[in-house]
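Survey of secondary and tertiary structure
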Amino acid sequence: MKSISSIEQEVNQIRIAIYEKTKNMTPAQRAERTNKIAEANAKKYGFKIVANAKERTI
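Given the structure is predicted, the values throughout are model-derived calculations rather than measurements. (Residues numbered from 1 in each chain as written. Predicted model: local features only at pLDDT ≥ 70, side-chain atom pairs only at ≥ 80, totals over all residues. Heavy atoms only, no water.)

On to the overall build of the protein chain, then. Regarding its fold elements, the protein chain presents two helices and zero strands. The 58 residues of the protein chain split such that 3% are buried. Carbon together with sulfur atoms contributes 56% to the accessible area of the protein chain, which is approximately 5,700 Å² in total. (Helix = DSSP H or I, 4+ residues; strand = E, 2+ residues; numbered from the N terminus. Buried < 20%, exposed > 50% of the residue type's maximum accessible area, 1.4 Å probe, protein only. Areas by Shrake-Rupley, 256 points an atom, 1.4 Å probe, with all protein chains shown as cover.)

Taking 1.5 Å per residue, 19 residues should reach 27 Å; helix α2 (residues 27–45) reaches 27 Å between its end C-alpha atoms and fits that length. Two residues or fewer past α2, G46 is found with a positive phi of approximately 75 degrees. (Expected span 1.5 Å × (residues − 1).)

The next point concerns the pattern of salt bridges. Using the criterion set out here, one finds two salt bridges in the structure. We note a salt bridge from E20 to K23, for which the minimum N-O separation is 2.9 Å. What makes E20 partly exposed here is its relative accessible area of 43%. By relative accessible area, K23 is classed as partly exposed at 41%. (Salt bridge = Lys/Arg side-chain N within 4 Å of Asp/Glu carboxyl O.)

Moving on to the side chain of T22. By secondary structure assignment, the location of T22 is in helix α1 (residues 6–22). In terms of polar contacts, T22 uses its side chain to reach the backbone carbonyl oxygen of I18, at 2.9 Å. Ignoring anything within four residues of it in the chain, the contact list for T22 reads R30 and R33. (Polar contact = N/O pair within 3.5 Å; in protein donor to acceptor, adjacent residues only side chain to side chain. Contact = heavy atoms within 4.5 Å.)

Quick look at the structure:
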């Protein structure tokens with residue numbers, strides 16, 4: 001029998017926690033939550049969010 005590594009256990013715990021927070025949300029609420037998280041990370045790490053790849057600048 002294969003044992004689950006501690007990293008895999010941690011990932012599973014995170015996945016379950018996210019599911020518990022979002023299971024009763026509508027698709028629109030989940031999208032809003034995801035967008036807020038992405039915007040916060042973009043600001044924190046200094047990257048730009050674009051609607052599609054054609055908007056990219058070189």
